[in-house]
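# An overview of the molecular structure
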Amino acid sequence: MAWVRMSNRDGGLLHGTGYTHQVGATPRLPGMELAAEDYRRLARLARTDTPPTLELMSEVRFHDDDVNAYNILADIPGTGRTDEYVMAGAHLDSWVASDGAVDNAAGSAVVMEAARILRALGVRPKRTIRFALWSGEEQGILGSLAYVDRHLATRAASSDPALASRPNGQTWRARWPIQPREGYRDLVAYFNLDNGSGRIRGINAEGNVAAAPIFQDWLQPFESMGASTVSLRPSGGTDHVYMQTVGVPGYQFIQDPLDYGSRLHHTSIDSYDHLRPDDLRQAAVILASFLLNAANSDEPLPRMPLPTRPTASDPFAYPGGE
């Protein structure tokens, strides 16, 4: 017995995602994905007088010897305000359908190249500059969440036994209050890259109105390179998210989408040929500049307030009515 699903993209694309990765949660029923065109052909043939028989071969093992994932961190030490640091990050892990080139080897390469640029320049920043390659992002942003939980802020344990037994990331947003750790204010800015190989066009200020004009100034030297946009909108789904949920200033750059969402994201053709070296170089230069500006600024970037528990309300209730 097994099940087969149709790929949600056509063009022969397949996906390598899967979330049943916890120890003891190995599915007993094997499953596969079939290219959309092949799946639809089988569906048509199944309505004929001689429906086809499908034979599946599945050789899959779960390796539980080491159930940890590992982040990679590196620092350029600060020379003045050494208790504070700025940070850049991208996630190193990927799904198995292809190389994981645009999701997210591209972002990881930009972070490493920004580090190389700053080291080659021999910079001596006031604040420490930290570089992070996160693991476990594809399974639920687990690597950066572990960093936030251990070094920046945690959340109260859940009093609900059903929630308390679930993984940390599944209950994080529902637990109050937020409890800042000793190093909560040490991280003054975090910059994330996870939108493929496209060149940087600007940055999302994540609703931080006070930070927007600062970013506008920092982008001004790169207008000729096509980067000038500061958007107040929030962005989600990647490693700055849990920093934002506890009020730490984390930001995601705006990049050219290219064919990231339409064809490459989590598919069988997310391979090296879809990387654009010139765009990656542009992104690395801008990231290095942002890190140096944030590390040397006289004042840290403005912070949003520490989030508090929302007030429960009924959007359909009438004041004073039933």
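Scroll up to find the structure this text is about.
Position numbers for residues count from 1 along each chain, tracking the sequence in the order it is written. Only residues with pLDDT of 70 or above have their local features reported here, since the model is predicted, and side-chain atom pairs are shown and tallied only from 80 upward, although totals for entire chains, interfaces and linings are computed over all residues. The side-chain quantities take in all heavy atoms of the structure and omit both hydrogens and water.

This part is about a nonpolar patch on the surface. Two joining distances apply to patches: 9 Å for like charges and 5 Å for nonpolar side chains (Val, Leu, Ile, Met, Phe, Trp, Tyr), and every residue must have over 30% relative accessible area and no salt bridge. Note on areas: Shrake-Rupley, 1.4 Å probe, and residue coverage restricted to the protein chains presented here. Salt bridge, as used here, is a side-chain nitrogen of Lys or Arg placed within 4 Å of a carboxyl oxygen of Asp or Glu. On the surface, a nonpolar cluster with roughly 390 Å² of combined accessible area is contributed by Met-1, Trp-3 and Leu-29. Strands here are runs of E lasting at least two residues and helices are runs of H or I lasting at least four, both read from the DSSP assignment and numbered beginning at the N terminus. Relative to the helices and strands, Trp-3 is located in strand β1 (residues 3-6). Three labels apply to residues, based on accessible area from a 1.4 Å probe with only protein chains included: buried if under 20% of the type maximum, exposed if over 50%, partly exposed otherwise in between. We classify Trp-3 as partly exposed; its relative accessible area is 38%.

Bringing the pairing of strand β8 (residues 187-192) into the picture now. The element β8 is extensively covered by neighbouring structure, given that six of its six residues are classed as buried. Here, a strand pair is defined by DSSP locating no fewer than two bridges between the strands. Pairing of strand β4 (residues 85-91) with β8, which is carried by five bridges, proceeds in the parallel orientation. Looking at β8, one finds that Gly-89 is bridged to Asn-192. Examined bridge by bridge, β8 and strand β11 (residues 250-255) share three bridges and lie parallel to one another. Along β11, the bridge assignment pairs Phe-191 with Tyr-251.

Take empty space enclosed by the protein next. Two kinds of site are reported from a 1 Å grid over the protein atoms alone, namely cavities, where a 1.4 Å probe fits but cannot get out, and pockets, open sets with protein on both sides within 12 Å along at least five of seven lines, and residues are called lining when an atom falls within 4 Å of a point. Grid points are joined across faces, edges and corners, and a volume is the space filled by probe spheres set on the points. Under the counting rule described, the total for this entry stands at two cavities of 30 Å³ or more. In this structure, the largest cavity spans a volume of roughly 60 Å³. Considering the residues around the largest cavity, the lining is formed by Ser-94, Trp-95, Val-96, Ala-97, Ser-98, Gly-100, Asp-103, Glu-138, His-266, Thr-267 and Asp-270. Computed from the structure, the second largest cavity encloses a volume of approximately 30 Å³. Considering the residues around the second largest cavity, the lining is formed by Ala-205, Glu-206, Asn-208, Gln-244, Gly-247, Val-248, Pro-249, Tyr-251 and Met-304.

Here the focus is helix α2 (residues 101-121). Here the expected length of a helix is defined as 1.5 Å per residue gap, with one fewer gap than residues. Look at α2: 28 Å from first C-alpha to last across 21 residues, which is about the 30 Å you get at 1.5 Å a residue. Gly-122 lies just past α2 and shows a positive phi near 65°.

Moving on, we come to the pattern of salt bridges. Summed over the entire model, instances satisfying the criterion amount to eleven salt bridges. Between Glu-113 and Arg-116 there is a salt bridge whose closest N-O contact spans 2.8 Å. Placement of both Glu-113 and Arg-116 in helix α2 is noted, with a separation of three residues, approximately one turn of the helix. The partly exposed category is assigned to Glu-113, whose relative accessible area is 27%. Each member of the salt-bridge network shares a partner with another, and the members are Arg-81, Glu-84 and Arg-127.

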